[in-house]
Amino acid sequence: MLLLAPFGTNARSANRIYDPIVDAVVARYHLPGIAVGVIENGQVVYMRTAGETVAGSGQPVTPRTLFKIASNSKAMTTALLGRLVDQGKLRWDDPVTKYLPQFRMHDPWVTTNMRVADLLTHSSGLPEGGGDLMLWPEPNAFTRADIIHGLAFIKPSYSFRAQYQYDNLLYVVAGEVAAAAGGAPYETLMRREVFAPLGLDRCQVGAWNRDAVGDVAAPHRRDGNRNVAMPEATAIPAITSAAAGGIRCGLTDMLSWARNWLTPTHAQLQWLSPVQREVLQAPHMLIPISEQRRAWDNTHVMAYGYGWRMADVDGQWSVWHTGTLNGMYSMLALLPDRDDGFVFMINGDADEARTVLGEVLMKHFTAPGDDRGVDWYADALAQRAKQRAPSSSAPDTSAQRPASPAELAHWSGQYRDAWFGDVTLCPREGKMHFAAAKSPTLAGTVMRLGDRYLVHWDDSANLDAWLDFRAVSNDQPIALRMAKLDPLGDFSSDYEDLDFRRVGRCP
C-alpha cells in the first residue's frame, strides 16, 4: 500500500499559515464541511478538516470522509487510458470507432476522424455542456448506450478541433473505450488499474453501500442562511457519468493521488510511465484566458491536457482541475516544477468559496509577498456580481401564474427530441404539467409570465426553463424549444440544445 508521507518538521508553522485561511473561507461562506491538504516539496505538511458530513448531524468531517470529486474524476479516467496505452492495448491516435463501431457524431467526417485523444480535449465541436441533460440531474434512466446513440443528434456549435468548449459526454465515451480496450467494465478497470496499485483504498466508483463504507459527506444546498442536506439512498447506484465525474474519494487518498504526480516513487513510475505522464499533463488545446485570470494571476497561456487544465500563474507553471456537482465542489492543483500542491473538497454550495480558497492557496506559492487575502478576493467577487447587467440575470418571476389547460390546449401533447427522448405537456389537477420520461426530477408546473410560458420544476435544485412553441407548417408537427430563465445558469442545464417535435396527444 502506498502511504502518505508523514508531516514535515514545519507542520506547526504550516498550521499557522493555513488555518487562518481555511477558517476565513468557512466563516465567510458558511460552509457545512471541508477537507484541505497541502503539499510542500513533495511532503504533506498540512491536513485540515472542519464542519460536518451532514449539517446538524454532529458527525465531523475527517481525512477519510468521502466527497464527490466530480470532474477531478477525469484525470483518473485519462490515467486509466494511459495505463492501457502503456500495456499496448490502446493508442491515443486510434479512431474511436475501432473500439466502439456504433459511435457517431453529427458530422460523418468527424465520426471517421475522431481519435481517442479527441475525446479528452473538449474540442469536438459539441456545444458547451452539450447533452449534459443525459447525465444530470440525477437520478435518471439514461444509459451509456443512450449517450453514444444521442451524440449523432447534437448539432455542433463550432468546427472540429477549432476551439475549447467544455463537455462531459465524450469522457463517458472515453470510459467505454477503456472498457472495450481493457476487456472489463469501466468501474472494474478503475478499481483494478488505478485505485488498487496506488493504494486509494477509500475511493469509490460504481455501486456501493453508504452504511457499509461509512464516513460519507452529503451534498448540501443553501436555504436562506441554512445548509440543507440533499438526501441520498443508502445503496449508491452505478451512474452513467462515472468516467466524467462519478468518483468519490477522501482527503487522504486525494493527497496520495496528488503526490503520485509530484514525486512518483519507482513503483508509481512502473504503474504509469514518464512518457504517458507527460502526455496527460501536456497542453493539447488552448483555453481562452478570462479578464479576471489575467488580472489576478498574470496568466499568458492556459490550456487543456488530458483530464487536466494548465496555466502560468505569476510566472510559475500550474496544473489543476476543479470538480462541480450539485452541492459538492473540489479542486486539486499542482506546481510540478517545485513539487508543491494542494487539494480541497467542500460538501456545500461553494462556487465562490472554491475560487477564493484556490486563489489564496495558490498565491502562497506563486506570490508569497501578496497581501491579498480571503476577504480581498471574496469582496472582489461580490463587487463583480453587483456590476453584472440586469439583462444578463434571471428575470423577475414574481408575477408568474399557473397556465390553464385551456390556454395551452393547442400546444399540449407528447413531444420527442432525438437525443433527450420523450416529454409530456399535459393537464394534471387543473394545471399544465411537464414531465420528462427518462429524467424524473425534470417535472413541474407550466407557468405564464407576461406573454411567455415557463416550466417551474418541482425540484428547486433544477434551473427553471422557458417554453417556446411554434407551428412549423401545416404539414409539420408543432415544435417546442427551451432555454434557461437565467442565461448565466450552469451550462449543464443545456435546454437550448433541445429541439422537440410533437408526436402525439396527451394520454
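Residues numbered from 1 in each chain as written. Predicted model: local features only at pLDDT ≥ 70, side-chain atom pairs only at ≥ 80, totals over all residues. Heavy atoms only, no water.

### What about the overall build of the protein chain?
We apply this condition: Helix and strand labels come from DSSP, where a helix needs a run of H or I of at least four residues and a strand needs a run of E of at least two; each type is numbered from the N terminus. Throughout this description, buried means an accessible area under 20% of the type-specific maximum (1.4 Å probe, protein chains only), exposed means over 50%, and partly exposed covers the range between. Only heavy atoms matter for contacts: two residues are in contact if any of them lie within 4.5 Å across the pair. Areas reported as accessible are Shrake-Rupley estimates using a 1.4 Å probe. Residue values count occlusion only from the protein chains shown. Two residue types count as positive, namely Lys and Arg, and two as negative, namely Asp and Glu; His and chain ends fall outside the count. A single reference atom marks each charge: NZ on Lys, CZ on Arg, CG on Asp, CD on Glu.
Along the protein chain, the regular secondary structure elements total 14 helices and 23 strands. Along the three orthogonal principal directions, the C-alpha set of the protein chain runs to about 75 × 50 × 45 Å. Here the protein chain holds 507 residues, and 55% of them are scored as buried. Within the protein chain, contacts between residues separated by at least 24 positions form 63% of all contacts whose residues are at least 6 apart in sequence. When the accessible surface of the protein chain is summed, it comes to about 21,000 Å², and 51% of that surface belongs to carbon and sulfur atoms. One finds the centroid of the 49 positive side-chain charges in the protein chain at a distance of 3 Å from the centroid of its 56 negative side-chain charges.

### A few points about unusual backbone geometry
A cis amide bond links Trp 136 with the next residue in sequence, Pro 137, at an omega value of 0°. Here the amide bond leading from Glu 138 into Pro 139 is cis, since omega sits at -5°, within 30 degrees of zero. Along the chain, the position of Pro 139 falls in the loop between α3 (108-113) and α4 (144-150). A positive phi is found at His 30, a non-glycine position, where the angle reads about 50°. Position of His 30 relative to the elements: it lies in the loop between α1 (11-29) and β1 (33-40). Of note in this structure, Asn 298 is not a glycine but carries a positive phi near 55°. Take Asn 298: its relative accessible area is 41%, and that puts it in the partly exposed class.

### What to know about the side chain of Asn 72
Applicable threshold: Within 3.5 Å is the distance limit for a polar contact, defined as a pair of N or O atoms, with the added protein rule that one can donate a hydrogen and the other accept it, and that residues adjacent in sequence qualify only through two side-chain atoms.
Positionally, Asn 72 belongs in the loop between β3 (67-68) and α2 (73-86). Side chain to side chain, Asn 72 and Ser 330 meet in a polar contact 2.9 Å long. With residues up to four places along the chain from it excluded, the contact list for Asn 72 reads His 321, Thr 322, Gly 323, Ser 330, Met 331 and Leu 332.

### Structural notes on the packing of aromatic side chains
To be explicit about the condition: Any two of the Phe, Tyr and Trp rings considered here, Trp counted by its six-membered ring, make a pair once their centres fall within 6.5 Å; the pair's planes then place it as stacked at under 30 degrees, edge-to-face at over 60, or tilted in between. Our definition puts a charge over a ring when NZ of Lys or CZ of Arg is within 6 Å of the ring centre and also within 35 degrees of the ring normal.
The final tally for this structure, using the stated rule, is 18 aromatic pairs. Taking the centre distance of 6.4 Å and the plane angle of 85° together, the rings of Phe 420 and Phe 500 count as edge-to-face. With a gap of 80 residues between them, Phe 420 in the loop between β16 (413-417) and β17 (421-428) and Phe 500 in strand β23 (residues 500-504) connect regions that are remote in the sequence. Just as Phe 420 is buried, Phe 500 falls in that class too. What links up through ring pairs into an aromatic cluster is the set Phe 142, Trp 419, Phe 420 and Phe 500. Here the guanidinium or amino end of Lys 74 rests over the ring plane of Tyr 171, the centre of that ring lying 5.4 Å away. The residue whose ring lies beneath Arg 452 is Trp 466, and the NZ or CZ to ring-centre distance is 4.0 Å.

### Some words on the nonpolar core
Under the convention used in this document: We call a set of buried Ala, Val, Leu, Ile, Met, Phe, Trp, Tyr and Cys residues a nonpolar core when their side-chain atoms join them within 4.5 Å.
In terms of nonpolar packing, the biggest core is built from 152 residues, with Met 76, Val 173, Trp 257, Phe 420, Phe 434, Leu 467 and Met 482 touching the most fellow members. Per-element tally for this core: the top contributor is helix α5 (residues 169-182), with nine residues. With near-sequence residues (within four places) excluded, Phe 420 lies in contact with Leu 133, Phe 142, Ala 436, Ser 439, Leu 442, Leu 498 and Phe 500. In terms of nonpolar packing, the next biggest core, distinct from the first, is built from six residues, Leu 449, Leu 454, Trp 466 and Ala 483 among them.

### Some words on the pairing of β16
The line we're drawing: Note on pairing: DSSP must find at least two bridges between two strands before they are called paired.
Note that β16 and β17 share five bridges and pair antiparallel. Bridging across to β17, Arg 416 finds its partner in Asp 422. The turn linking β16 back onto β17 is made up of three residues. Two elements, β16 and β23, share three bridges in a ladder whose sense is antiparallel.

### Here's the deal with the packing of α1 against helix α13 (residues 351-366)
Note the cut-off: Lines fitted to C-alpha atoms define the axes here, with helix axes fitted over just the stretch in contact, and angles between the N-to-C directions of these axes take values from 0 to 180 degrees. Orientation is classified from the angle alone, with under 35 degrees giving roughly parallel, over 145 giving roughly antiparallel, 65 to 115 giving roughly perpendicular, and any other angle giving oblique. The handedness criterion is simple: a crossing whose near helix is rotated anticlockwise from the far helix by less than a right angle is left-handed, and one whose near helix is rotated clockwise is right-handed. Put simply, Ala, Val, Leu, Ile, Met, Phe, Trp, Tyr, Cys and Pro go in the nonpolar bin, Asp, Glu, Lys and Arg in the charged bin, and everything else, Gly too, in the polar bin.
With their axes 10 Å apart at the nearest point, α1 and α13 run at an angle of 165° to one another. Of the possible angle classes, the one that applies to α1 and α13 is roughly antiparallel. Both α1 and α13 take part in a crossing whose hand is right-handed. Contact residues: α1 offers Ile 17, Tyr 18, Ile 21, Val 25 and Tyr 29, while α13 offers Glu 352, Ala 353, Val 356, Leu 357, Val 360, Leu 361, His 364 and Phe 365. Partitioning the contact of α1 with α13 into residue classes produces 11 nonpolar, one polar and one charged.

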